[in-house]
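Below, each chain spelled out in residue letters.
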Amino acid sequence: MSEELSLTALFISGFISATLLPGGSEVLLAWQLNENIHSATSLWLAVTAGNVLGGVVTFLMGRGIAHYFPLRVFDKPRQQKAQSWIKKYGAFSLLLSWLPIIGDPICFMAGWLKTAFILSVLMLTLGKAVRYLIIVGLF
C-alpha cells in the first residue's frame, strides 16, 4: 500500500466505522502501526479525524431526520437505551460514542434530541480520540 493511500484508507475506515455501517478501523490502525509506514501520531490523527467526521454525520442525520420525520416513540431496544443515556447525561453521553453497537445510536439520538452541537462534537472527539490513543499505546 502506498504511503498516501494508507492514511486515506485509514481515514475512510475510521469514517465508515463511525456511521451506521460496519467497519474495522481498529484492525487497520493496528496493522498500519505494525507496518511502521507512518508515525503513530499521523495514523492516530487520520483515523480519529475520519471517525469523528463519521460520528458528526450520524449526529446530523439524527437531527435532520427528527426535523423532517418526527417520531413520538422509539421502539427498538438500542434506540431506547441511547435515548435514556442522552436524556440522563446530555452531550456527555457522547464520550461513549466509540462503543460498539451502542455508539452509533448514541450519536444519532444526540442529534435527534438536539443536544448542544459544539459540546457534542467535543465530547464525541474526546471519546473517540482516547479509544484510538489506547490502541496506539498497545502497539
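Residues numbered from 1 in each chain as written. Predicted model: local features only at pLDDT ≥ 70, side-chain atom pairs only at ≥ 80, totals over all residues. Heavy atoms only, no water.

## Some points on the packing of aromatic side chains
Here comes step 1: Scanning the model with the defined rule gives 3 aromatic pairs in all.
Here comes step 2: Between Phe108 and Trp112, the ring centres sit 6.0 Å apart and the planes meet at 35°, which makes this aromatic pair tilted. Of the two residues, Phe108 and Trp112 are both situated in helix H5 (residues 103-112); the distance of 4 residues between them amounts to about one turn of the helix. Each member of the pair, Phe108 as well as Trp112, carries the same accessibility label: buried.
Here comes step 3: We note Arg131 situated over the ring of Tyr132; from NZ or CZ to the ring centre the distance is 4.1 Å. (Phe/Tyr/Trp six-rings, centres within 6.5 Å; stacked < 30°, edge-to-face > 60°. Helix = DSSP H or I, 4+ residues; strand = E, 2+ residues; numbered from the N terminus. Buried < 20%, exposed > 50% of the residue type's maximum accessible area, 1.4 Å probe, protein only. Lys NZ or Arg CZ within 6 Å of the ring centre and 35° of its normal.)

## So, unusual backbone geometry
Here comes step 1: Backbone geometry at Asn36 places phi at a positive 60°, although glycine is not the residue there.
Here comes step 2: Inspection of the secondary structure puts Asn36 in the loop between helix H2 (25-35) and helix H3 (40-68).
Here comes step 3: Here Lys114, not a glycine, exhibits a phi torsion of approximately 60°, which is positive.
Here comes step 4: Secondary-structure assignment places Lys114 in the loop between H5 and helix H6 (117-138).

## Some thoughts on the packing of H3 against H6
Here comes step 1: One can describe the packing of H3 onto H6 by two numbers: an axis separation of 9 Å at closest approach and a directional angle of 145°. Here the hand of the crossing between H3 and H6 comes out right-handed. Listed contacts from H6 to Ala40, Trp44, Val47, Thr48, Asn51, Val52, Gly55, Val56, Phe59, Leu60 and Arg63 of H3 are Phe117, Ser120, Val121, Leu124, Thr125, Lys128, Ala129, Arg131, Tyr132, Leu133 and Val136.
Here comes step 2: When grouped by side-chain class, the residues that make up the contact of H3 with H6 number 14 nonpolar, 5 polar and 3 charged. (Axes fitted to C-alpha atoms, helices over the stretch in contact; angles between N-to-C directions. Left-handed = near helix turned anticlockwise from the far one by under 90°. Contact = heavy atoms within 4.5 Å. Nonpolar A, V, L, I, M, F, W, Y, C, P; charged D, E, K, R; others polar.)

## Some points on the side chain of Ser13
Here comes step 1: Within the secondary structure, Ser13 is located in helix H1 (residues 3-18).
Here comes step 2: Polar side-chain contacts of Ser13 include one of 3.4 Å to the backbone nitrogen of Ser25.
Here comes step 3: Every residue in contact with Ser13, bar those within four places of it in the chain, is listed here: Gly24, Ser25 and Leu28. (Polar contact = N/O pair within 3.5 Å; in protein donor to acceptor, adjacent residues only side chain to side chain.)

## Considerations on the pattern of salt bridges
Here comes step 1: Evaluated as defined, the whole model comprises 1 salt bridge.
Here comes step 2: Close ionic contact of Glu26 with Arg131 constitutes a salt bridge, the shortest N to O distance being 2.9 Å. With Glu26 in helix H2 and Arg131 in helix H6, this residue pair connects regions lying 105 residues apart in the sequence.
Here comes step 3: Judged by its relative accessible area of 29%, Glu26 is partly exposed. (Salt bridge = Lys/Arg side-chain N within 4 Å of Asp/Glu carboxyl O.)

What is shown is where atoms sit, not what they do.
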